[in-house]
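Each chain, written out:
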Amino acid sequence: MKGFLALAGFQFACEGLIPLLIMLVRHENFSHYGFTQRRVLRSLGLAIALAVICDLGMSWHAGTLLWIPFRRHSATRMALAAGFPANVLGLSIAVAVWGFFEAFFGVFFAKKLNEAIGHNGRGWLSPGTLGFAFFNGLIHFALGQGVSGFVSSFASGYAIAVIPAVTGNAWGSALVQTLTNAVGRM
């Protein structure tokens, strides 16, 4: 569990801590980023549709059905190796860190980019949406995942950022990230 907690802590520090500190300093809350009850069903519905498209695309590329979220993630393997009940806690932490907070970072990034250039952030091709998709793809390319890693990460980044841009609600962003992150074989 020590290794898992260190990995989760590092990931949270990279994508969760700084946005939370900025929110604290600016007196913002999660609703400022679209985490509200308003239009939640539309957001979750779009998330499911985009997750199906992303997972089918990755499955087609891999030549096998990839559908189990976090199946290929090293943090999942580490959490499961901990044994019960630590593995349940570990999986919960993985979903929170690599599901919610990783998605929140994308929503945060897109919103701040749109605000910086004076865009309202609405629409399928908003600058924040495209900017985060490109950023997400570039990060995974730089981590050695190659062109296919860039494409799949661009697609998941786009899905994360576009949901609040078209629905006004960001809960679907967390769902699509959770459903598409490191998907593995059934």
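Located above this text is the structure these notes cover.
Small disclaimer: the values here were computed from a predicted structure and weren't measured.

What counts, and at which threshold
Residues numbered from 1 in each chain as written. Predicted model: local features only at pLDDT ≥ 70, side-chain atom pairs only at ≥ 80, totals over all residues. Heavy atoms only, no water. 1 Å grid on protein atoms, 1.4 Å probe; cavity = no way out; pocket = protein on both sides within 12 Å on 5 of 7 lines; lining within 4 Å. Points joined across faces, edges and corners; volume = space filled by probe spheres on them. Helix = DSSP H or I, 4+ residues; strand = E, 2+ residues; numbered from the N terminus. Nonpolar A, V, L, I, M, F, W, Y, C, P; charged D, E, K, R; others polar. Axes fitted to C-alpha atoms, helices over the stretch in contact; angles between N-to-C directions. Parallel < 35°, antiparallel > 145°, perpendicular 65-115°, else oblique. Left-handed = near helix turned anticlockwise from the far one by under 90°. Contact = heavy atoms within 4.5 Å. Phe/Tyr/Trp six-rings, centres within 6.5 Å; stacked < 30°, edge-to-face > 60°. Buried < 20%, exposed > 50% of the residue type's maximum accessible area, 1.4 Å probe, protein only.

> Is there a simple way to think about the layout of surface pockets in this case?
The rolling of a water-molecule-sized probe over the atoms marks out the regions of remaining empty space. Roughly 1200 Å³ of volume is contained in the largest pocket. Contributing to the lining of the largest pocket are 38 residues, with His140, Gln145, Ser152, Ser153 and Asn181 lying nearest its centre. If one sorts the elements of the lining of the largest pocket by residue count, helix α5 (residues 127-167) sits on top with 15 residues. Taken together, the residues of the lining of the largest pocket sort by class into 19 nonpolar, 16 polar and three charged.

> Help me out: how do you make sense of the packing of helix α3 (residues 74-81) against helix α4 (residues 86-117) in this one?
When two helices pack together, you describe them by how their axes are tilted relative to each other and by the distance separating the axes. Relative orientation of the contacting elements α3 and α4 amounts to 160°, with a least axis distance of 7 Å. The orientation of α3 with respect to α4, classified from their angle, is roughly antiparallel. Judged by the twist between their axes, the crossing of α3 over α4 is right-handed. Facing Ala75, Thr76, Ala79 and Leu80 of α3, the residues of α4 in contact are Asn87, Gly90, Leu91 and Trp98. Class assignment for the residues of the contact of α3 with α4 results in five nonpolar, three polar and no charged.

> Help me out: how do you make sense of the packing of aromatic side chains in this one?
Aromatic ring pairs are described here by two measures, namely the spacing of the ring centres and the angle between the planes. As enumerated under the stated definition, the model contains 22 aromatic pairs in all. Aromatic pair Tyr33 and Phe108: ring centres 5.4 Å apart, planes at 35°, arrangement tilted. One end of the pair, Tyr33, is in the loop between α1 (2-26) and α2 (40-62); the other, Phe108, is in helix α4, and 75 residues separate them in sequence. Looking at Phe108, the relative accessible area reads 8%, which means it is buried. Joined through ring pairs, the aromatic side chains of Phe12, Phe30, Tyr33, Phe35, Phe100, Phe101, Phe104, Phe108 and Trp171 make up one cluster.

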